[in-house]
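# Architecture and fold: a report
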Amino acid sequence: MTLLNDRYVPITSGLGFLEAPLGEVAQALEQWRVAIHGSARQERFLGGFEDNVLKLEPLVSGWTSRELLVATSNPNWTAFFDCDVLGGDQKTPISYLAKTMGCHGLFVCSVPASKDASRGPWGGIQFELYGPVGTPSNYVRAISLSQDGARWSFYADDKPVLDFEEVEAYTSRKVRDRFTLDMLKRYCAALGLHPFDAEFYPGPSILVTNASEMQTQETSLTLAEVRERMGLSN
């Protein structure tokens, strides 16, 4: 279960969402980036994720200089993507913006299990829900299943269980049955999200660019170049 069959990995290695309309998220993100980098700007585009994903190029290491926000088919939620060359880790901005905007944020990850358990990258499933208040990391709930070689580990934090959780699965004898891809999909659907459906990202989209792009980047590659380095077909 991946978005667009992982055609845009590493950009889609993890998926971030904020429970607020597109324009409000863009304004909050721009203000935050101005506070950090001194300047930032918004550009609005027609179309959704697949229409605008290459506007994140080049993918870079170091400061995240470009972030793409996409309106989803649920007007209450906005999707969040960035240009990090390693991709798929929007936890910090999702956590921060959820707190400052007073809304919920969600980070999900679905990486297929490695066919060769002796080498990575290894698979995993993550569900991390953030809220407007709480600890510095403002977790509402974090659940994950992760592969380390032939071994699998399940984790659920000590936060209150959400109404839609299938807690009976958490004690399954087989670790891999404790948190499955189908469970992740149902948890997201309970929040009104369908992260792995391409039709869920119709747009419009807003690209937020900040001044860090003028700084020297250790890595600056096209998506195709990154995928070639990862041994993925284009």
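Please read all numbers here as calculations on a predicted model, not as lab measurements.

Analysis parameters
- Counting of residues starts from 1 at the beginning of each chain's written sequence and follows it residue by residue.
- Local features in this predicted model are restricted to residues whose pLDDT is 70 or higher, and side-chain atom pairs enter the listing and the counts only when it is 80 or higher, whereas totals over whole chains, interfaces and linings include all residues.
- As a rule here, side-chain values come from all non-hydrogen atoms in the structure, and water together with hydrogens is ignored.
- Put simply, DSSP H or I for four residues or longer makes a helix, DSSP E for two residues or longer makes a strand, and each gets a number counted from the N terminus.
- Contacts are assigned to residue pairs that have any heavy atoms within 4.5 Å of one another.
- Only protein chains enter the accessibility calculation, which uses a 1.4 Å probe; a residue is then buried when its area is under 20% of its type maximum, exposed when over 50%, and partly exposed in between.
- In this text, buried Ala, Val, Leu, Ile, Met, Phe, Trp, Tyr and Cys residues form a nonpolar core when linked through side-chain atoms within 4.5 Å.
- Strands pair, by our definition, only if DSSP identifies at least two bridges between them.
- To obtain an axis, a line is fitted to C-alpha atoms, over the contacting stretch when the element is a helix, and the angle between two such axes runs from 0 to 180 degrees between their N-to-C directions.

### Let's talk about the overall build of the chain
Scanning the chain from N- to C-terminus turns up five helices and 11 strands. If you take every contact in the chain between residues at least 6 apart in sequence, the share linking residues at least 24 apart comes to 66%.

### Quick look at helix 3 (residues 91–101)
Here helix 3 has its buried residues at P93, I94, S95, L97 and A98. Looking at the buried side of helix 3, the elements it contacts are strand 1 (14–18), helix 1 (22–37), strand 5 (78–82), strand 6 (105–111) and strand 7 (124–130).

### What about unusual backbone geometry?
Looking along the chain, the bond that leaves V9 and enters P10 is cis, with omega of 15°. For the peptide bond that leads from G203 to P204, omega is 10°, which places it in the cis range. Positive phi values are uncommon outside glycine, yet L4 reaches one of about 55°. With respect to the helices and strands, the residue L4 is situated in the segment before strand 1. The exposure class of L4 is buried, given its relative accessible area of 13%. Phi angles above zero are rare outside glycine, and N5 is one such case at about 55°.

### Considerations on the nonpolar core
One finds F17, F49, F81, F127, F179 and Y201 to be the most contacted residues of the largest nonpolar core, which totals 42 residues. In terms of residues, this core owes the most to one element, helix 4 (residues 181–190), which gives four residues. The contacts of Y201, once residues within four sequence positions are left out, are L3, L15, F17, G48, F49, V70, A71, T72, A79, F81 and P195. Formed by 20 residues, the second largest nonpolar core is a distinct cluster that contains L18, F80, I206 and V208.

### Quick notes on the sheet that holds strand 5
Sheet architecture is open: nine strands sit in the order 2-10-4-5-1-6-7-8-9, paired in antiparallel fashion. In this open sheet, the two strands that pair with only one neighbour each are strand 2 (40–45) and strand 9 (151–156). Between one strand axis and the next, the sheet turns through 15° on average, direction left out of account. Pairing analysis gives seven bridges linking strand 6 to strand 7, with the strands arranged antiparallel. Counterpart to L106 in the pairing with strand 7 is L129. On top of the sheet, helix 3 reaches strand 1, strand 5, strand 6 and strand 7; it is set at about 20° to strand 7, its chief contact. Running over the sheet, helix 4 touches strand 6, strand 7 and strand 8 (139–148) and is turned about 160° from strand 6.

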